[in-house]
Amino acid sequence: MTWLTSLPAAVLVISGLVLTLLAAIGGWLAVRALIPPAEREGAHTIAAPLMPALGATFALLMGLTLASEAGSLGSAQGIVSSEAADASRLAWTATSPGVDSGPIQSALLGYLRAVRAHEWHGSAAATGDDPATTHAIASLENAVRTQAARPALGTPASTELLASLDALTSDRRVRLAAASRQLPALFVAVLLLTGVALIVNATALTLRSSRRAALLVGGLAAVIGLSLALLFALGTPWRGPITVSGQPIDAVVRDLNTGYFHPLPRPTRG
C-alpha cells in the first residue's frame, strides 16, 4: 500500500478521477447491456431505495477514515515538535558549566541534518536504517556520554545531559514507529468497492434517461475519485505527497548554525 500512498498528488488526483469515471462509464454500459428494456422499470425501482444506504455507507466510511488520517497527520506534527524541543533542550544543556559544548552541538547539528536529509522521505523514514543517520546518532551518543562521564562534571549536569539525549532518541523511535504506519489494505478495498457500488447503482437510475442525463453520474464519480485521492495523500505523513513539516527541526538547525545556543558569560567581580 505504501507505493500507492507515496505517489505525487497530481498522479493520485488524475488516477482517482480516471478510475472512477471509467467505473461510471463501464457501469452504465454494463447495466444497459445486462438489463433488457422491459425490465428497466423494475431495476429503477430497486436501485432508488439503495442510493441513500450506499451513499450513507460510503460517506460514513470515508468521513471517519479522513478524520482519522487528518488526526494522524496532526499527531505526527506533534512528534516532530517534541523531537525539536528535546534537541533544543540538549543544545542548551550542553552549555552548562563544565561541559565542552562544541563536540555535542556539532554532533547534534550533524544528526539533525541527517534526519532531514535521509529520514524524511523513502523507506528510511519508517525503518531508520539509513547509514548516514545511524553514524550521526552514534557520534552524538559518544559526544554526550563522553562529556557526562567527565569526573569534573557534577551529577546534576551529567544527569541532565543523559536525560536530554535519552528524550531525543526516544522521540526518534516514536517518529519511526509513526512513519511505519500504513492504511489497512482490507479497509481500503472495502472503501473502493463501496464507492464503485455507489457509482454503478447511480447509473442504474439513469436507464430511463437520456445519455446527457447519465452524464450527471460523472459528478458523483468525480467526488468519489477526489475523496480517494485525498485519503491516499494523507496515508503516509513522511512518505506521501502531504508530508509533516520539518520546520521545527529546521529552526533548531538554524539556531545551531547562528550560535544561538552558547554559554552565558560568567559574572566578573568588581
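Keep in mind that what you see is a predicted model, and the values were worked out from it rather than measured.

Definitions and limits used
Residues numbered from 1 in each chain as written. Predicted model: local features only at pLDDT ≥ 70, side-chain atom pairs only at ≥ 80, totals over all residues. Heavy atoms only, no water. Helix = DSSP H or I, 4+ residues; strand = E, 2+ residues; numbered from the N terminus. Contact = heavy atoms within 4.5 Å. Expected span 1.5 Å × (residues − 1). Axes fitted to C-alpha atoms, helices over the stretch in contact; angles between N-to-C directions. Parallel < 35°, antiparallel > 145°, perpendicular 65-115°, else oblique. Left-handed = near helix turned anticlockwise from the far one by under 90°. Nonpolar A, V, L, I, M, F, W, Y, C, P; charged D, E, K, R; others polar. Patch = residues over 30% accessible without salt bridge, like charges linked within 9 Å, V, L, I, M, F, W, Y side chains within 5 Å. Areas by Shrake-Rupley, 256 points an atom, 1.4 Å probe, with all protein chains shown as cover. Salt bridge = Lys/Arg side-chain N within 4 Å of Asp/Glu carboxyl O. Buried < 20%, exposed > 50% of the residue type's maximum accessible area, 1.4 Å probe, protein only. Phe/Tyr/Trp six-rings, centres within 6.5 Å; stacked < 30°, edge-to-face > 60°. Lys NZ or Arg CZ within 6 Å of the ring centre and 35° of its normal.

K.L.:
Teacher, can you tell me more about the environment of Ala 233 here?
P.N.:
Within the element layout of this structure, Ala 233 appears in helix H10 (residues 217-234). Through-space distance from the C-alpha of Ala 233 to that of Pro 8 is 8.1 Å; in sequence the pair is 225 residues apart. Contacts of Ala 233, omitting those with residues within four sequence positions, involve Leu 12, Pro 241 and Ile 242.

K.L.:
Would you take a moment to explain helix H4 (residues 101-118) for this structure?
P.N.:
Because an α-helix completes one turn every 3.6 residues, residues spaced three or four positions apart along the sequence face the same direction. The end-to-end C-alpha distance of H4 is 25 Å, a good match for the 26 Å that 18 residues give at a rise of 1.5 Å each. Contact partners of the buried residues in H4: helix H3 (40-93), helix H6 (131-148), helix H7 (155-179) and helix H11 (247-258).

K.L.:
It is not clear to me how the packing of H3 against H4 should be interpreted in this structure. Could you clarify?
P.N.:
Where H3 meets H4, the closest approach of the two axes is 10 Å, and the angle between their N-to-C directions is 160°. Overall, the two elements H3 and H4 adopt an arrangement that is roughly antiparallel. The two elements H3 and H4 meet at a crossing, and its hand is left-handed. Residues Glu 83, Ala 87, Leu 90 and Ala 91 of H3 form the contact with H4, whose own contacting residues are Ile 104, Gln 105, Leu 108, Tyr 111 and Leu 112. Its residues placed into classes, the contact of H3 with H4 shows seven nonpolar, one polar and one charged.

K.L.:
Quick question: what am I supposed to make of a nonpolar patch on the surface here?
P.N.:
A grouping of Ile 14, Val 18, Leu 19, Leu 22, Ile 25 and Leu 29 is seen on the molecular surface, where their side chains present a nonpolar patch of about 600 Å² in accessible area. Tracing the backbone shows Ile 14 in helix H2 (residues 9-34). Taking relative accessible area as the criterion, Ile 14 reaches 54% and is therefore assigned exposed.

K.L.:
Can you help me understand the packing of aromatic side chains in this one?
P.N.:
The description of two aromatic rings rests on the distance between their centres and on the angle between their planes. The final tally for this structure, using the stated rule, is four aromatic pairs. When the ring of Trp 92 is compared with that of Phe 261, the centres are 5.1 Å apart and the planes differ by 80°; the resulting orientation is edge-to-face. Residue Trp 92 is found in helix H3, and its partner Phe 261 is found in the segment after H11; the two are separated by 169 residues along the sequence. Pairing Tyr 260 with Phe 261 gives two aromatic rings, centres 5.3 Å apart and planes at 80°, and the pair type is edge-to-face. The class of Phe 261 is buried, set by a relative accessible area of 4%. Ring pairing ties together the aromatic residues Trp 92, Tyr 260 and Phe 261, which thus form one cluster. One cation-aromatic arrangement involves Arg 116 over Trp 120; the distance from NZ or CZ to the ring centre is 4.8 Å.

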